[in-house]
Every structure is written in structure tokens, then in C-alpha cells.
Amino acid sequence: MRRERETPKQQQQQVSYTVEHLVAVNPYNPDILPDLENYVNEQVSSQTYSLDANLCLLRLYQFEPERMSNQIVARILVKALMAMPAPDFSLCLFLIPERVQMEEQFKTLIVLSHYLETGRFRQFWDEAAKSRHIVEAVPGFEQAIQSYAIHVLSLTYEKIQRPVLAEAINIEGLSLDKFLEYQAANSGWILEKGHGRGQLIVLPQNEFNHPELKKSDADSVPLEHITRIFPILG
Amino acid sequence: MASNYEYEEASATYDDAHRQDLGYDPNFVPDSVKSFVVHLYRHIREKNVYEIHQMYEFSFQTLSDRLFKEAPWPSVDAVAHYVDNDQVFCLLYREMWFRHLYARLSPTLKQRIDSWDNYCSLFQVVLHRAVNMQLPNQWLWDMVDEFVYQFQSFCQYRAKMKNKTEQEIALLRQYDQAWNVYGVLNYLQAFVEKSNIIQILEQEKEGLEQFTANDGYDYSGGSNVLKVLGYFSMVGLLRVHCLLGDYQTGLKCLLPIDISQQGVYTSVIGSHITTIYHYGFANLMLRRYVEAIREFNKMLLYIYKTKQYHQKSPQYEQILKKNEQMYALLAICLSLCPQVKLVEDTVNSQLREKYGEKMARMQRYDDEAFGLYDELFSYACPKFITPSAPSFEEPLVNYNQDAYRLQLKLFLYEVKQQQLLSGVRTFLKVYSTISLGKLANYMEVDEPTLRTILLTYKHKTHAVDSDGKIISNADVDFYIDDDMIHVVECKPVKRYSDYFLRQIVKLEGVINDMDRIKLD
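Keep in mind the model is a prediction, meaning the values are calculated, not measured. (Residues numbered from 1 in each chain as written. Chains lettered and ligands numbered in written order. Predicted model: local features only at pLDDT ≥ 70, side-chain atom pairs only at ≥ 80, totals over all residues. Heavy atoms only, no water.)

## Thoughts on the overall build of chain B
Inference 1: Each helix and strand counted, chain B has 22 helices and 5 strands in total.
Inference 2: Taken over the C-alpha atoms alone, chain B extends approximately 85 × 80 × 40 Å along its principal axes.
Inference 3: Split into buried and exposed, the 520 residues of chain B put 57% on the buried side.
Inference 4: Within chain B, contacts between residues at least 6 apart in sequence are counted, and of these 72% link residues at least 24 apart.
Inference 5: Split by element, the accessible area of chain B, about 23,800 Å² in all, is 50% carbon and sulfur. (Helix = DSSP H or I, 4+ residues; strand = E, 2+ residues; numbered from the N terminus. Buried < 20%, exposed > 50% of the residue type's maximum accessible area, 1.4 Å probe, protein only. Contact = heavy atoms within 4.5 Å. Areas by Shrake-Rupley, 256 points an atom, 1.4 Å probe, with all protein chains shown as cover.)

## Regarding unusual backbone geometry
Inference 1: Backbone torsion omega between A:Met84 and A:Pro85 reads 10 degrees, so that peptide bond is classified as cis.
Inference 2: Relative to the helices and strands, A:Pro85 resides in the loop between α4 (70–82) and α5 (88–93).
Inference 3: Phi at B:Lys47 is positive, roughly 55 degrees, even though this residue is not glycine.
Inference 4: Within the fold, B:Lys47 resides in the loop between α2 (31–45) and α3 (49–67).
Inference 5: Overall, the relative accessible area of 32% leaves B:Lys47 in the partly exposed class.
Inference 6: Phi at B:Asp84 takes a positive value of approximately 55 degrees, unusual for a residue other than glycine.
Inference 7: Following the sequence through the fold, B:Asp84 ends up in the loop between α4 (76–80) and α5 (87–104).

## Observations concerning the interface of chain B and chain A
Inference 1: The interface of chain B with chain A comprises 57 residues on the first partner and 61 residues on the second.
Inference 2: Interface of chain B and chain A: buried area, both sides summed, is about 5,400 Å²; carbon and sulfur atoms make up 59% of it.
Inference 3: Ranking the residues of chain B by area buried against chain A places B:Tyr182, B:Leu455 and B:Asp482 at the top, with a combined share of 13%.
Inference 4: Run the count over chain B and chain A and you get 5 salt bridges.
Inference 5: In this structure, B:Asp246 and A:Arg59 form a salt bridge, with 3.1 Å as the shortest nitrogen-oxygen distance. (Buried area = accessible area lost by both parts, 1.4 Å probe. Salt bridge = Lys/Arg side-chain N within 4 Å of Asp/Glu carboxyl O.)

## Here's the deal with the pattern of salt bridges
All names here are of chain B.
Inference 1: Taken as a whole and assessed by the stated rule, the structure comprises 35 salt bridges over all chains.
Inference 2: Asp65 serves as the salt-bridge partner of Arg104, at 3.0 Å between the closest nitrogen and oxygen. Here Asp65 lies in helix α3 and Arg104 lies in helix α5, a separation of 39 residues in the sequence.
Inference 3: Classification of Arg104 as partly exposed rests on a relative accessible area of 25%.
Inference 4: The residue Arg361 makes a salt bridge to Glu368 at a minimum N-O spacing of 2.1 Å.
Inference 5: Exposure remark for Glu368: the relative accessible area of 34% places this residue in the partly exposed category.
Inference 6: If you follow the salt bridges from partner to partner, you end up with Glu357, Arg361, Arg364, Asp366 and Glu368 in one network.

## A few points about the pairing of strand β5 (residues 484–489) of chain B
All names here are of chain B.
Inference 1: Of the pairings in the sheet, the one linking strand β1 (residues 433–435) to β5 comprises 3 bridges and is antiparallel in character. Paired with Thr433 across the two strands is His486, which belongs to β5.
Inference 2: Note that strand β4 (residues 476–481) and β5 share 6 bridges and pair antiparallel. When the sheet's bridge partners are listed, Tyr479 is paired in β5 with His486.
Inference 3: Counting the residues that bridge the hairpin from β4 to β5 gives 2 residues, and of these Asp482 lies at a positive phi of roughly 60 degrees. (Pairing = 2+ DSSP bridges.)

The structure is reproduced here in C-alpha cells:
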């Protein structure tokens, strides 16, 4: 067998490949539970994410509740919040028994999810500030929520006022200037002087805030449909 | 040894049943039953799938109605010598025996455990010994379907701990492997893997295999049993995962089957309905409403057009029930995502008849509306289960409702999060542009609140699919420029290409058929 060079990055890939593989081969095997728990911690420290592996772990907890670790469940849920706008948080809740969800730390996370689901970023950041111990345990949390905020703002706004943006991503003043400069240079944001009411930001165009960009796929035919008539054409 | 024990126990089981119904003698085999097993056995040996199907689907039903309306069929021991004591046939016979018992009587705990043992023996044979039988798809589907059903039924039964007798509790402790969730999932998974069905379906796309084209049968004489069981097990896994609330994994299990096209899953009405019902339900829970609406619509239209052909089928009642449940689910989807244009007229008029008035009230988002969401969901959802073993510690508690209550609660939570969206929708429909201030005024909220409502609208109507692509479910969409809302109407695209391609293939088939006719 070929020897892997032991740079840390490759090692990491090696491990993640192994756990993902483990899940694919043993989706219903209780013996992989400790590996999956370690893998959750690894996702936290290496800022990676695997929904399938985490669902697999929650499933094993569901089958054998006495093996459940609340700390691991909390980490999975924080990671799932960070995956917004994907519905991962609900997917996890569907598998966690109600009595567990009643615990304080989970209640907090559910409230946080509620604010994100309903676009209430101000409340979200306030609440998150009160629960630093939960969310700060997971590196990359703030950035992940900021990119969710930007995602949903870009679906909604063609041009947005600076304070509205600032509130949603929880960045203000000089840091915001820097942030905007960076986005303008790298992601095509345009900063406009508003008419007397401060700065306006033009968010990157997409088919949702610029409907004219919407590709009409009415006239296109997927290849696999055409292949059905190949034998006839031939 | 184990099997010896099993047989002893089995006869005790029949004695129980005997006591329930004094007219029943498990060892009495009426002539018609004798003739039934002899013929069925012969047809199986001769691989006469057509005759097997006739006997399985109709004779069994007729005999059950005539002789075993309220009693079990004769015990397997009593019929075994008519069929050369053939092990596989006896396992198949017992599988039907239990299925009939579950359908017409209520099984005792011992019978539930025996049925599990019988499935294990039967599945071991299929998985580890090459069987050369050919069985009808209907029967193979029923096996998977019944296996999952009995698992669900066992979990429900086990969760009602309060009124268990000491004897039952002792049995539950003793046979803790019976209907164990790992066992159930691993059997289904083993069928999928052992049958290579995923690779077969993959290769069929490249023209290297014929599976769907032959409806799953093997016309060169090989056995279809493992392959088709593997195929239906993917649907079985979808269903089990839905029962567990694991919608994402359920849909993943179904992925190898292309449900945009006909396939072996559509060759049996029960499998077709189970597939689409659970597929649609899982998508509803994942907030992919448009996908759910599309598939429910297609299925309901299909049932509407074909149900007359199933009137005599033993599944007819089940078909009607799932039909009603899917209308309820469609009503929920359309209340959350009013894309009525996706629904055919016939389906829509049925829907209005059944739920028109309720749907109007569901738009209001008051307590009564939540009550209706609750009612429809509870009526139409799968029978959720708690898969873990009970705690045998006193006091014994019932937990059979826990799983259902959790799913219901989370669903209603989602509905609550969307409660202000129908108000926005109403205004967006009548304006092409409107300022934030004006809309806030109309909706009687302040501007920051309105902004959050609009963000919610965008978030909830734009689902993310499994590849991370954003799919819009919005019937009315908009974007905001500074503080002006611009409304965009979404017109659904009608795809003609698929229709024409289907017709081309159909026409080619007809021409080929005509070419084959030789006129003398």
C-alpha cells in the first residue's frame, strides 16, 4: 500500500474519508457510535461538517437513548444552525426526544433557530450574546450565521440600506467599512451614496433579487429525456 | 434446537387461538385448502408466475373470506406433508398465515414474536441460499410491506406498557431481539446490498441490464426474488425512516429509484402509493412543498383514473384510505404554498369538495386554523414509532404517542413560523410595487417587523435541495430596492418536451407491434 505523507491536512482528509465511509457501509451498526461522536468533535475543531454522519449518530441515540451524550447533541445542533438556510436543524430535532429538547441549553438553541428561521437577526444576536458558552464552543459560528444572513438578504434585496445590513450581520462602524470593502473587492458588492440617508449597498445579482436573470428552462430538454428516443432515432 | 423449541411454542400459540374461537382446529385441513396448497406448491415449482399470482391474489382471498373470516388458516404443520415438507414453501405459507392473522384477528405477543422468527428464517434463506423461485411482484411487495407494518405494529404495541401482564413483560424481556430496529433495518439493507439492485438500476441506464423493462422479472428463468426484494426494500427503508422521523435518510434510500418515471415500484399499486405517500410526506416535512404537491397530484390523479380496476383487490380499502390521507396532505401543502396551478382540475375539484372550506379557514392563522392543521396532520401522517426498548422499571408508562406528538409539535411550530406569510401574499398579489412603509401600514406592523416578515417569506419559500441548489417554491415573489418592494409574478413553466417524447416512444411501440402482425 502507498504510504500517506503525514501532513496534517491530508491526515484530516484521510480521517473524514474513513468516517464517511464507515457510515456508508454501516448505516445501522451500533458499534460505530464512538467513532461518530469523535467525528462530531473533529467537525467542530476542524470546521468541517457532515450532516449524514451526524444524522446517523442521532439515529443511534434514538435507538439506544441510554447512550446519548447531551454535549455531543448540543454540538450537532450548533453545527446544524451553522448550515442554515438548509433545514438541518429541524432534521436533527425530528430525531431528538422531546424530554431532551426541554433541557435549558437545547431550549436556547431552539430559540436561536426560531429567530433565524423568522429573519429576526437583531433578536438572534442579542440572544447569542447571552449564550456565549454554547455557541463560542464552536469555531466559525459567527461567520456561518453572517453568511446565512447575507444569503437571505441577497434573496430579498437588490439594494439595501447600510443600517439594515449592519443589524442583520451584527457588524458596525469601522469593521463594517472594512467588511464592505472586502465584499466590494471580492464578491461584487457595490457601495452607493444614498440620497441623503446614508449608504446604500447593491448586493450581488441573482435570479431572486433580479428576476430578469431567471433562466427560462421552458425550452430546454434534459438529456436523459432525449436518450429515451435514441433507439428510435438510430 | 432453536427450531424445535419454536415448533413447540407454535402449537401453544394455536391452542391460544383455539380458545379464542372454539370452532377452530389448527390441524383440520379442509379439502379446498389442501387443493390450494398443492396447486400453489406445484405452480411455484413450475415457476408459473401467472398462476401463482392468481392463486396468491384471488384464491387465497376467496378461501379466507369463505372459511377463515374470523379464524386463522390451518397450521403449517397440518399442511406440510401435502407439499413434501418443503422448507421454503412452509416459510412462505407461514408468512401468509401470519399476514392473514394480523389482518383479521389481533395477534398475541407470542404470535408477533413467532412471525418475526418466521421472517428471519425466510429472509435468511433468500439472502444466503440461492433460491430459484419466481414470485409475482405483488407477493414480494406484500412481504416487504407486511414486514415493515408488523414492525410498526410491534413498536406501537410494545410502547403501551401500562396494561401489560407480567407474562407479557417476561416475554418482552426474553425476546428482546424480536422486531429489534437494528434487525429490521439491517434485513432491508441486506436485501438492497445483496441484490446489487442499485448497480443494476445504474447499469440499466446505460442499456447494460434489463430490470425495469421486464418489470423486475427474469425471462431467462433465473429467480427474481432477491432482486425484487432488494428493490422494494428501498421503499421499505424510506417508510421505516419516515416512521422514525428521519426524512432526509429516507429520501436518500429512495434515490436509486427514479420516481419521475414509471418503474417496478409502479407495477404494484400498493408499492406505488406507499412510495409516493412517504416521498411526499418527507418533502413536506423538509419544506419542499412544490415537490410534494407535484407528486401527490400525479398520484391522486392516477388513483382517480384507475381505482375502479382495484375494487375487487384486497388492497382496495387501503388504497382509498391512503387516497384520503394524501388529499389531506395536499391540502396542508397548498395552504402553506398556494401553488394551485400545479394541481390538475380533477384533483383540484376533489380537493375543494373534501377540504375547500377547511383550507379557507386554514389561511386565517388563528387558533382555529392551527386546530385544522393539527387535525389534518394527525389524520394523514404516518404512524410514528419509538424504536427503543421500553424501560421495565416501575411505574410502567405508555410511550406510544411520544413520537407522534414530537413530529406534530415540530410541524405546528413550522406552521406558526409561517403564520404571517399568507397576509404578505395577499398584498403582494394586488400590487406591482409598494413601499415598505405603506405595506407596513396595511399589515399593521412597524417597518422593522415587516422586514423580518419579508425575510421569512423569502427564506421559507426558497428551499435548498440535496445538492445545495436553491429552489423557489414561491407563487408570488418580490425583491426590495432600497425601500420599495417590486413584485414578480411566477408563471409555472409547462413542459411539453416530456409529453412529446413519451408520445414518440409510445407511437414507436405501436408501430413495432403492428409490424409484428403477420397478415396471411
